[in-house]
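The primary structure of each chain is shown beneath.
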Amino acid sequence: MEINPVELLEEMLQRGEQTVFPTLRKCAERFVDIFNDTCIQQRIREKFESLEEFQPDITRCKNANTLFDKLKHLKQLFEDMEDKIAESGIESFLSRLFNTGFIGLITEENLDFLTSDDLGTAQRVEKFLHYLEHGAQKKEDTRRAFEEYIETWKRNNIRWGSVAINKAEREMRANFDNEGALSEKFILQLINEITAKFEPLRDKLVAARETYGRGLVVASLTSEAASWLLKNTVGEVAHGEVAVPTALPLFVGAKKLADAVSCPNATRAITPGWFDNTSRFITQYLNNRKTDGELSAFIRNEKLELDLHHFKEHIDPWLIELSHKINEFKRNAFGKSYILSKEMVLSEIDRMHALLYAIILNKPELVEEHRRKLDKMVQDAAKLQTTKEHESILPSISFGQLSLPGGNRERVLLIKFVLSSSLGQKAMNEVMSKISNLFDNVESSSKKVENGATVVEIKIRTDDNISTKVARCISSLADLQVRAVLVGDFGLCGFRHAMNPAFNRIYSINSVDKAEGFKSTHFSGSLDRGGEPYFCPNGWRRYSIDVGLTGAEFEAKYKNWHVAYHGTEGHVAMAILVNGIRASGQGCFIVAGQGAVYLSPSIEYSSHPRYAGVWQIKDKYVQMVLQVRVDRNLVFEKRQGTLSGAQPKDSPMDSNFRSNNELEWVIKWPPGTSISSAGGVLVYGIMLRVTDQHPKTLPQNAWWSK
């Protein structure tokens, strides 16, 4: 008897998560107890006591001889300080959990102490600290492996051009640098302060760029540039006879100056908004949203090296003050505890569970259930109160449906901040202003009451990893008494279904298999997908995932991406649809510190029970595999099959391939992080095999028993 396709998919998801969500709730409760433990809170505070070691770095930044080196040292200083504060690994771990709806508690490696019923909280705290200490070395190894990957990737894709490479590198780094939820508050304060130091430079830098159409040009130059101009506009400067001051204002006739074309820095035109754009670019660079290559090009194009003395005049005194700021922050700003609310963590897990079912199965009653859970979570969040004076509650972070990027890859996102009901009206207005200041490109902000709770709502235009952006200012939001953050669309209007039934397919030889809601499909031989063969997955049916494109748009964008498969199970599939495929730090073909995502060009190899469990639903046997597209420019290794019966010494396990030598595609990726379409892997189909008999009895699976 044929099973209704929606019921089949729902049953697969439910079977996969029957034990997962109860286990996840138990692990979440235990993790909150660990995080709020006094030992963990003290460990976080202790990291600020070691910041004095950065005095030599401050001096090196102050003594830099070029603007590029000064800004590069400054950025490195901020990154090193953030790493030192986050060295405990607690902030990084917490940020990853927020991004995955806490599913990481059961998918992260080496967290079995959360599931063990034989341990008490004190023992779990001890094991968690051990886990973090091991993770510190692992993080260092991972960072090194990631940097090696980036360099290899850039060399292999040099034909893209610098603009495209820099943009892609930013996206990959944003996905990788998803950490520092608590420590980022300190770094944000420093970056905001140094940005404020740029404003007094406005008049000086603009004056140095007055256009030369007025007959006179005012140029404030370094001694080297001044010597060049004296030589080329006034005459030869005899060595040792003319002492050129460090910064020499020169008033030079426009024609004479314009004739001096061999010096690219002789004249610098200015456009409206030039200073604001320059200040914004430098701030973005310090925020790690621009690369060194982009900074170098920007300084060169804007001829900013000539203004080094102006930057030194305003930045160096601030650097001298920085050591005092470090001590002040250590004494005051981080002297409190940031705790998690167990009630809110469990509410978010329940809400995420309801959301996943709603967007995958598209049933009105499931959408309504999600709305009820969300309303209750908002109401409960507003009522949360702290019990201790120096204690702040970290807000829960919830993600709905995010708008798709536009043509320039930017998108407008709606973010709501649920405020504590204990705040007065005046305080709420101040909080709204401070929240807006935490984000760039805020298009609008407002305050209103929803479900009995006061909510600040902002719309921002961004091309950044928004989950990272929100997580990184979480402690600042806690200090503002924000109790919950809602990112994206949570309403019924415009609710975008995760699946796209128009592209559902059932594959079989000569298209003999039929199923309600699926188009029968078959092709012989193979199709070329970016230079790799794509064989018809006979015996499988595809539930198509909505990627926000029409068929023509999808073909135009992804026609040269390879087709591959990833074996999985229901509950993992749900997490992958939200976050992408997660890299494992354990497996073949990787060394310590490395991680990898494992794919295969063979759906039969991916469907081995080791990867794709076999489930019995009514009178049918069902397996699940994800169908993905892989960017042809993504660096990956083709490796031999490792499963018994599919190794090089064995006969080809899949008749579509001549040997078992290239059955595994290994994408080196930082362990514990996920790879999505931005990184080069797009999940676009849930493949199910539905059979009357156990799949181990199928002729093509005879290799399972070898």
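Given the structure is predicted, the values throughout are model-derived calculations rather than measurements.

(A) View of the sheet that holds strand S17 (residues 596–599). Across the sheet, three strands lie side by side as S17-S21-S20; this open sheet has antiparallel pairing. The sheet is open, and its two edges are formed by S17 and strand S20 (637–639), each paired on a single side. When the angles between neighbouring strand axes are averaged without regard to direction, this sheet yields 30 degrees.

(B) Up close: the layout of surface pockets. Approximately 460 Å³ is the volume found for the second largest pocket. Lining the second largest pocket we find 25 residues, and of these Cys536, Pro537, Asn538, Glu604 and Gln700 sit closest to its centre. Mapped by element, the contributors of at least two residues to the lining of the second largest pocket are helix H24 (603–606) and strand S23 (681–691). Across the lining of the second largest pocket, the residue classes break down as 10 nonpolar, 11 polar and four charged.

(C) Highlighting the pairing of strand S14 (residues 541–544). Side chains Arg541 and Tyr543 project from S14 onto one buried face, and the interleaved Arg542 and Ser544 project onto a second face that is buried too. Bridging between S14 and S23 involves four bridges; their strand directions are antiparallel. Directly across from Arg541, in S23, lies its bridge partner Leu688.

(D) Spotlight on the packing of aromatic side chains. According to the stated counting rule, one finds 15 aromatic pairs in the structure shown. Arranged with centres 5.3 Å apart and planes meeting at 55 degrees, the rings of Phe523 and Tyr534 form a pair that is tilted. In this pair, Phe523 is assigned in the loop between strand S11 (519–521) and strand S12 (526–529) and Tyr534 in strand S13 (residues 532–535), connecting sequence segments 11 residues apart. Relative accessible area serves as the criterion here: at 6%, Tyr534 is assigned to the buried category. Centre to centre, the rings of Tyr605 and Tyr611 are 6.0 Å apart; their planes meet at 50 degrees, and the pair counts as tilted.

(E) Representation of the sheet that holds strand S7 (residues 442–450). If you trace the five strands from one edge of the open sheet to the other, you get S5-S9-S6-S8-S7, paired in mixed fashion. Each edge of the open sheet carries a strand with a single partner, namely strand S5 (396–399) and S7. This sheet shows a mean twist of 20 degrees between the axes of neighbouring strands, independent of strand direction. Taken together, the four bridges between S5 and strand S9 (residues 482–487) define a ladder with parallel strand orientation. The partner of Ser396 across the bridge, within S9, is Ala484. Across the sheet, helix H18 (residues 364–383) touches S5, strand S6 (411–419), S7, strand S8 (453–462) and S9, and the angle it forms with S9 is around 150 degrees. Along the sheet face, helix H19 (residues 425–437) touches S6, S7, S8 and S9 and points at about 150 degrees away from the line of S7.

(F) A look at empty space enclosed by the protein. Going through the model one piece at a time under the given rule, you end up with four cavities of 30 Å³ or more. The space that makes up the second largest cavity amounts to roughly 50 Å³. The wall of the second largest cavity is formed by Phe98, Phe102, Leu340, Ser341, Met344, Val345, Glu348, Leu394, Pro395, Ser396 and Ile397. In terms of residue count, the dominant contributor to the lining of the second largest cavity is helix H17 (residues 342–361) (three residues). Within the lining of the second largest cavity, the residues separate by chemical class into eight nonpolar, two polar and one charged.

(G) Up close: the pattern of salt bridges. Going through the model one piece at a time under the given rule, you end up with 23 salt bridges. Taking the shortest distance from any N to any O, the salt bridge between Asp33 and Lys342 comes out at 2.9 Å. You can see Asp33 sitting in helix H2 (residues 20–35) and its partner Lys342 sitting in helix H17, a full 309 residues away along the chain. Its relative accessible area of 31% is what places Asp33 among the partly exposed residues. Since its relative accessible area comes to 28%, Lys342 is described here as partly exposed. Shared partners join several salt bridges into a network, and the residues in it are Lys416, Lys448, Glu450 and Glu457.

(H) Just helix H15 (residues 292–302), in detail. Residues of H15 that are buried: Glu294, Leu295, Phe298 and Ile299. One face of H15 carries all of its buried residues, which in axial projection span an arc of 130 degrees. Among the exposed residues of H15, those pointing more than 90 degrees away from its buried face are Arg300 and Asn301. One or two positions beyond H15, positive phi appears at Lys303, with a value near 55 degrees.

(I) How the structure looks around the side chain of Thr283. With respect to the secondary-structure elements, Thr283 resides in helix H14 (residues 274–286). Exposure remark for Thr283: the relative accessible area of 13% places this residue in the buried category. Separated by 2.9 Å, the side chain of Thr283 and the backbone oxygen of Ser279 make a polar contact.

Rules behind the numbers
- Residues numbered from 1 in each chain as written.
- Predicted model: local features only at pLDDT ≥ 70, side-chain atom pairs only at ≥ 80, totals over all residues.
- Heavy atoms only, no water.
- Pairing = 2+ DSSP bridges.
- Helix = DSSP H or I, 4+ residues; strand = E, 2+ residues; numbered from the N terminus.
- Axes fitted to C-alpha atoms, helices over the stretch in contact; angles between N-to-C directions.
- 1 Å grid on protein atoms, 1.4 Å probe; cavity = no way out; pocket = protein on both sides within 12 Å on 5 of 7 lines; lining within 4 Å.
- Points joined across faces, edges and corners; volume = space filled by probe spheres on them.
- Nonpolar A, V, L, I, M, F, W, Y, C, P; charged D, E, K, R; others polar.
- Buried < 20%, exposed > 50% of the residue type's maximum accessible area, 1.4 Å probe, protein only.
- Phe/Tyr/Trp six-rings, centres within 6.5 Å; stacked < 30°, edge-to-face > 60°.
- Contact = heavy atoms within 4.5 Å.
- Salt bridge = Lys/Arg side-chain N within 4 Å of Asp/Glu carboxyl O.
- Arc of directions from axis to C-beta.
- Polar contact = N/O pair within 3.5 Å; in protein donor to acceptor, adjacent residues only side chain to side chain.

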